Amino acid sequence: MVHTGLGALSSASNKSMWRGLFWSGFNVFANKGVGIFARLVLALWLAPASFGLVAMVLVFLNLLGLFVDFGLQNVLVQRPRDERSAERYYSVFWFLLVAGFGWMLAFAAVFSSLTVWVFNEARLAEIALLLAPCLLFQSIAVLPEVRLLRRMRFRSIAAAEVASTLSSAVAAIAIAFAGAGVFSLIAQQLIYTALRAVFIWHASNWRPRLHFSWRSLREVQELGGYMLGSRVLTYLGSNIDRLAIGAILGASSLGLYTISYTITENIRAQLSRVISRVMLPVYARMQENFEGIKGHYLSITRVMTLVFFPFLLSLVLFAEPIIELIFSEEWSEATLPTQLLAAGGMMVAISGPAVEVLVGIGRAREVFVISVLNLVMITIPAIWVLTMAYDLVGSATAMLISFSSMRVFCYFALRRYLSIALVDILRATGPAVCAAGSLCAINWIVETVSPIAGISVIASVYLIIIAVCFRQVCWDRLKLANTST
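Residues numbered from 1 in each chain as written. Predicted model: local features only at pLDDT ≥ 70, side-chain atom pairs only at ≥ 80, totals over all residues. Heavy atoms only, no water.

Participant: Quick question: what am I supposed to make of unusual backbone geometry here?
Facilitator: What you tend to see is this: most non-glycine residues have negative phi, and most peptide bonds are trans. A positive phi is found at Asn-120, a non-glycine position, where the angle reads about 55 degrees. Relative to the elements of secondary structure, Asn-120 occurs in the loop between α4 (85-119) and α5 (124-131). With relative accessibility at 71%, the residue Asn-120 sits in the exposed group. Positioned with a positive phi, Asn-205 is a non-glycine residue whose angle comes to about 55 degrees. By the secondary structure assignment, Asn-205 is in the loop between α8 (183-204) and α9 (214-248). (Helix = DSSP H or I, 4+ residues; strand = E, 2+ residues; numbered from the N terminus. Buried < 20%, exposed > 50% of the residue type's maximum accessible area, 1.4 Å probe, protein only.)

Participant: Would you take a moment to explain the packing of aromatic side chains for this structure?
Facilitator: Think of a pair of aromatic rings as described by two things: how far the centres are apart, and how the planes are tilted against each other in angle. Tallied over the entire structure, the rule returns ten aromatic pairs. Aromatic side chains Phe-67 and Trp-103 sit 5.8 Å apart centroid to centroid with 45 degrees between the ring planes, which places their arrangement in the tilted category. Taken together, the positions of Phe-67 in the loop between α2 (48-66) and α3 (72-78) and Trp-103 in helix α4 put the pair 36 residues apart, joining distant regions of the chain. Judged by relative accessible area, which is 19%, Trp-103 ranks as buried. Three or more aromatic residues joined by ring pairs form one cluster here, namely Tyr-90, Phe-93, Trp-94, Trp-201 and Trp-206. (Phe/Tyr/Trp six-rings, centres within 6.5 Å; stacked < 30°, edge-to-face > 60°.)

Participant: Got a minute to help me understand the packing of α2 against α5 in this structure?
Facilitator: Geometry of a packed helix pair, given as the angle between the helix axes and the separation of the axes. Between α2 and α5, whose axes approach to 10 Å, the crossing angle comes to 50 degrees. Here α2 is positioned oblique relative to α5, judged by the angle of their axes. As α2 runs across α5, the sense of the crossing is right-handed. Side by side, α2 and α5 meet where Leu-53, Met-56, Val-57, Leu-58 and Leu-61 of the first sit next to Leu-124, Ile-127, Ala-128 and Leu-131 of the second. Classifying every residue of the contact of α2 with α5 by side-chain character gives nine nonpolar, no polar and no charged. (Axes fitted to C-alpha atoms, helices over the stretch in contact; angles between N-to-C directions. Parallel < 35°, antiparallel > 145°, perpendicular 65-115°, else oblique. Left-handed = near helix turned anticlockwise from the far one by under 90°. Contact = heavy atoms within 4.5 Å. Nonpolar A, V, L, I, M, F, W, Y, C, P; charged D, E, K, R; others polar.)

Participant: Sorry, what's going on with the environment of Ile-140 here?
Facilitator: Turning to its location among the elements, Ile-140 is positioned in helix α6 (residues 133-150). Residue Ile-140 is classed as partly exposed on the basis of its relative accessible area of 23%. Taking C-alpha positions, Ile-140 is 6.5 Å from Ala-197, a pair spaced 57 residues apart along the chain. Residues contacting Ile-140, with those up to four places away along its chain left out, are Phe-93, Leu-97 and Trp-201.

Participant: Even after reading the chapter, I still don't get the pattern of salt bridges, so can you show me in this structure?
Facilitator: Where charged atoms from two side chains of opposite charge approach closely, those side chains can pair. With the rule as written, the count across this model stands at five salt bridges. For Arg-196, the salt bridge identified is with Glu-161, shortest N-O distance 2.9 Å. With a gap of 35 residues between them, Arg-196 in helix α8 and Glu-161 in helix α7 (residues 154-177) connect regions that are remote in the sequence. With respect to class, Arg-196 is no different from Glu-161; both count as buried. Of the charged contacts, one joins Lys-294 and Asp-424 as a salt bridge, the two residues approaching to 3.6 Å between their closest N and O atoms. Highlighted residues: Lys-294 in helix α12 (residues 290-326) and Asp-424 in helix α16 (residues 422-445), separated in sequence by 130 residues. Given the relative accessible area of 16%, Lys-294 is considered buried. (Salt bridge = Lys/Arg side-chain N within 4 Å of Asp/Glu carboxyl O.)

Participant: In this structure, what is going on with a nonpolar patch on the surface? I would like to understand it.
Facilitator: Residues Val-369, Leu-373, Val-376 and Met-377 make up a contiguous nonpolar surface patch of roughly 340 Å² in combined accessible area. The topology assignment puts Leu-373 in helix α15 (residues 364-418). For Leu-373, a relative accessible area of 37% corresponds to the partly exposed category. (Patch = residues over 30% accessible without salt bridge, like charges linked within 9 Å, V, L, I, M, F, W, Y side chains within 5 Å. Areas by Shrake-Rupley, 256 points an atom, 1.4 Å probe, with all protein chains shown as cover.)

By themselves, these observations are geometric and do not establish any function.
Laid out in structure tokens, this is it:
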């Protein structure tokens, strides 16, 4: 049953978990919905090359952004509170603040030139210099966000991020309308990161004291190193396609691919971030209760497939008419990459929050090893060979292969530590997979179906499936609400 393992937490913790999932889900739909709408509007005034130029810089900016917290954010969320926690928070904050200035200067002085050299595009230097302060804004927000995450105050995080996205989108559209071109995309990034830091600080109601201890910092550095390494490798595995496209095919091709990424993988990644942000504190509290974690994992896997599959399947089946409807003819080459990336997102959903489970039970080292193996053995060879041979389609195909292989590695790790069998995964994902297969067969038989009608059928069928699968969960939640009142 889908609620297996949910009783492992207290009713209060269980309620906090579901509330966290709701607000984090709302955050993604509102936040990314506004962001995608802004991208679509900006695409009316900006050429694909403008998106490609900013995407080239963001490959390195976001990579450096992973180092901003040195992997310490998840460590502080996962680590049980003790008498040294306050001292540890102060020490980590001042360390990250100084490091933030260093990352900003390093990006402006070194990585801007590296970006120009890798992509052989002189215009990137100015863009990199303007975007460098984003790293400092990120470092400032780390500790306040830790405080909010530990208290599972996802509503406050959602409000901060949605407000920042909305403000930056309005500003970017106004700047683009004024004829500023690529600088509208730069302003959008800067305004978002700056406002997010301000709003997160305001919501956390936490202020650091002038206290620093190297001992407190060293206590969390080792585990933070493995978490940081895993995140960097995951990022490289997820973004090496854009690095290869930018270096091999140029800014215009990367701009086309960016749109495919925005409407498929970006949404999938953000929804996965919802699961990670909420479930990591939950798994950290249940570190020794492997049976309870197993039940949670299978339940969340079923949720992920039922949430992801309708959207991603719609893109697989109807990407061409959707792109033709929204964009101009010059964006038509993004159709097949969009379909392939959507299929890759479905593969990720099938594996559920595997990485979060492994980190939550203290197996960050295993996640690091898995990430290294997948990146070196699968992703890098596939992306370079297939991009050289088949351009954008080859890159998207390589990412589909990479997503699938990473999930296979994670499955074997879960089987080792939690005794999760393949039949357990099949039971959890069965409703979504069977529905997807049935709808693909219907679409193949009735090829004349319009995109709107087809998407409506997909949505209707999945709503019925969700109602059936979660009837017991909904009944349990109703009884809990009645008991509380």
